[in-house]
Amino acid sequence: MTEKKDIRSFTIDELKEEIKTELGEKPFRAAQLYQWLHEKMADDFDEMTNLSLSFREKLKERYVLTTLKKLDVKISSIDGTRKYLFGLSDGNVIESVWMKYKYGNSVCISSQAGCRMGCRFCASTLDGLARNLLASEMLEQIYQIQKDTGERVSNIVVMGSGEPMDNYDNLIRFIRLITSKEGLNISQRNITVSTCGIVPGIKKLANEGLALTLALSLHAPDDETRKKLMPIANVYPLSQVIDACHEYFQKTGRRLTFEYSLVKGVNDNLNEAKALTELIRDQHGHVNLIPVNPIKERDYVQSGKKAVEAFRDYLEKHGIQVTIRREMGRDINGACGQLRKSYMESEGEVKA
Ligand code: SAH
């Protein structure tokens, strides 16, 4: 038997082609099917009641309808932030976060189960990469959350577990589907993709004709310090990363975000603030300071409030736009990937 195809990852054009060549149905069925998959966010082919029974049977025979299983949700009593733990069909688990802002609801999605980038302060990478997520599995994080909260999602940040540039084709497919006018029609401008700095990926993204926001995880203003925190810095030196970011701005006109997680005694003194100012002075973007969220497996310590503010003040005084990230869901905290990790440990599913 040939493997069933993942129907929720098909674009509308691909679906039209399937309808024509594989299913022998009338062309208008493609739009109906797409609507069930991406607007009504169906969990089951049998929900698709305006499609004939025989058509639904054909669909079941040939395709899988990827859905995520809600395993857990933690809701913050401070600001309503929700952390979801979802199960994939093969037993892997991923996490996603829903945040409520004045301007709308934002979902932070994972792009991979685990991660192989090895950033020292990050929980997502401790057990390595399990696998890439399908476009449908990225979509489903948003669909399940929108159905669970009953509120429209307007913003997406690809800042959960995983490195989006390490799952590039599925990322682009996901973006085309989530922004399609026949689907949830989320604006490209309301989507942020965060990368640890994979230069070929940044350059490729610059040429997709998409108006996304790119966030670069910088975390240090020089290669030597950066290498201590992020192994990827051994592959792509900062000069190349910053050039690629510049190219991204020139091709897309989109200003960038430079993420900088402050780790006590590692990257948080004023010499580093000065070097950072020099590094990005001519770049088009702002700095987002994140006091590092300590994970129990490492002994990194969060910079004190005073150090964070002094760092911010230095940048501001020298003409760099800077914000300190508001900590959402403080009471249900746990850094990126920690919820998944603690779940896997309690289930005894950690793979070596
Ligand atoms: N792989 C992508 C996106 C995932 S991580 C990237 O590297 O950008 C999203 C952001 O959270 C990155 O800036 C990452 O470095 C940061 N991050 C991960 N764990 C963290 C922690 N424990 N404390 C502070 N920031 C963290």
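Parameters at a glance
Residues numbered from 1 in each chain as written. Predicted model: local features only at pLDDT ≥ 70, side-chain atom pairs only at ≥ 80, totals over all residues. Heavy atoms only, no water. Helix = DSSP H or I, 4+ residues; strand = E, 2+ residues; numbered from the N terminus. Rg over C-alpha atoms; globule rule 2.2 N^0.38 Å. Buried < 20%, exposed > 50% of the residue type's maximum accessible area, 1.4 Å probe, protein only. Contact = heavy atoms within 4.5 Å. Areas by Shrake-Rupley, 256 points an atom, 1.4 Å probe, with all protein chains shown as cover. Lys, Arg positive; Asp, Glu negative; His and termini not counted. Charge placed at Lys NZ, Arg CZ, Asp CG, Glu CD. UniProt positions renumbered as here; feature names shortened; annotations may be inferred. Phe/Tyr/Trp six-rings, centres within 6.5 Å; stacked < 30°, edge-to-face > 60°. Lys NZ or Arg CZ within 6 Å of the ring centre and 35° of its normal. 1 Å grid on protein atoms, 1.4 Å probe; cavity = no way out; pocket = protein on both sides within 12 Å on 5 of 7 lines; lining within 4 Å. Points joined across faces, edges and corners; volume = space filled by probe spheres on them. Nonpolar A, V, L, I, M, F, W, Y, C, P; charged D, E, K, R; others polar. Near = heavy atom within 4 Å. Polar contact = N/O pair within 3.5 Å; in protein donor to acceptor, adjacent residues only side chain to side chain. Salt bridge = Lys/Arg side-chain N within 4 Å of Asp/Glu carboxyl O. Arc of directions from axis to C-beta. Core = buried A, V, L, I, M, F, W, Y, C linked by side-chain atoms within 4.5 Å.

A. Region of the structure containing the overall build of the protein chain. Assigned secondary structure in the protein chain consists of 11 helices and 14 strands. Its C-alpha atoms give the protein chain a radius of gyration of 21 Å, near enough to 20 Å, the size a compact globule of 352 residues would have. Principal-axis analysis of the C-alpha atoms gives the protein chain an extent of 70 × 45 × 40 Å. Classification of the 352 residues of the protein chain by burial places 55% in the buried group. Within the protein chain, counting contacts between residues at least 6 apart in sequence, those at least 24 apart form 68% of the total. Summed over all atoms, the accessible surface of the protein chain reaches about 15800 Å², with 48% contributed by carbon and sulfur. Across the protein chain, the mean location of the 51 positive side-chain charges is 3 Å away from that of the 49 negative side-chain charges.

B. Structural context of the UniProt feature "domain: Radical SAM core" (unreviewed entry) in the protein chain. In the numbering used here, UniProt assigns the feature "domain: Radical SAM core" (unreviewed entry) to residues 101–331. End C-alpha atoms of residues 101–331 are separated by 17 Å, and the span's content is 35% helix alongside 19% strand.

C. Region of interest: the packing of aromatic side chains. With the rule as written, the count across this model stands at four aromatic pairs. Between Tyr 84 and Phe 86 the ring centres are 5.5 Å apart and the planes differ by 5°, which places this aromatic pair in the stacked class. Note on Phe 86: relative accessible area 1%, which makes it buried. Ring geometry for Tyr 101 against Tyr 103: centres 5.1 Å apart, planes inclined by 10°, an arrangement best described as stacked. Judged by its relative accessible area of 56%, Tyr 103 is exposed. Above the ring of Trp 36, the side-chain terminus of Lys 40 is found at 3.9 Å from the ring centroid. The ring of Trp 98 has Arg 82 sitting right over it, with the charged end atom 5.7 Å from the ring centre.

D. Examining the layout of surface pockets more closely. The volume enclosed by the second largest pocket comes to roughly 180 Å³. Tallied by class, the residues present in the lining of the second largest pocket amount to five nonpolar, three polar and three charged.

E. Quick peek at the environment of Asp 169. Residue placement: Asp 169 occurs in helix α5 (residues 168–178). Put simply, Asp 169 and Leu 134 are 35 residues apart on the chain and 9.4 Å apart in space, counted from C-alpha to C-alpha.

F. Molecular detail of the UniProt feature "binding site: [4Fe-4S] cluster" (unreviewed entry) in the protein chain. The UniProt entry lists Cys 115, Cys 119 and Cys 122 under the feature "binding site: [4Fe-4S] cluster" (unreviewed entry), expressed in the numbering used here. For Cys 119, the position within the fold is in the loop between β7 (112–114) and β8 (129–132). Cys 119 has contacts with Thr 125, Leu 229, Met 230 and Pro 231, leaving out every residue within four places of it along the chain.

G. Quick peek at the site of the ligand. Taken together, 16 residues lie around the ligand, and Gly 162, Ser 194, Ser 217, His 219 and Asn 293 are the ones closest in. Glu 163 is positioned with one of its side-chain polar atoms (N or O) 3.0 Å from a nitrogen atom of the ligand. A distance of 3.4 Å separates an oxygen atom of the ligand from a polar atom in the backbone of Thr 195. Burial of the ligand by the surrounding chains reaches 93%, relative to a free accessible area of 530 Å².

H. Representation of the environment of Asp 243 within the structure. Within the secondary structure layout, Asp 243 lies in helix α8 (residues 238–252). Classification of Asp 243 by relative accessible area gives exposed; the value is 53%. The spacing of Asp 243 and Gln 283 is 40 residues in sequence and 9.4 Å in space, taken between C-alpha atoms.

I. How the structure looks around the pattern of salt bridges. What the rule picks out here adds up to 25 salt bridges. The salt bridge partner of Asp 148 is Arg 82, with a shortest N-O separation of 3.2 Å. Linking Asp 148 in helix α4 (residues 135–149) with Arg 82 in strand β4 (residues 82–87), this pair joins segments that are 66 residues apart in sequence. Owing to a relative accessible area of 31%, Asp 148 belongs among the partly exposed residues under this scheme. Here Glu 278 ties to Lys 274 by a salt bridge, and the two come within 3.6 Å at their closest N and O atoms.

J. Looking closely at helix α9 (residues 270–280). Listed as buried for α9 are Glu 272, Ala 273, Leu 276, Thr 277 and Ile 280. For α9, the buried positions fall inside an angular range of 145° around the axis, keeping them on one side. Buried residues along α9 sit in contact with α7 (223–229), α8, β12 (256–262), β13 (285–291) and α10 (305–317). For α9, the N-terminal cap is Asn 269; the gap from its side-chain oxygen to the backbone nitrogen of Asn 271 is 2.9 Å.

K. Up close: the nonpolar core. Ile 7, Leu 33, Ile 156, Phe 174, Ile 178 and Val 287 are the most contacted members of the largest nonpolar core, which totals 96 residues. Residue contacts for Phe 174: discarding those within four places in its chain leaves Ile 109, Ala 135, Met 138, Leu 139, Ile 142, Ile 156 and Val 158. Among the nonpolar cores identified, the runner-up in size contains five residues, and Val 97, Cys 108, Val 157 and Met 328 belong to it.

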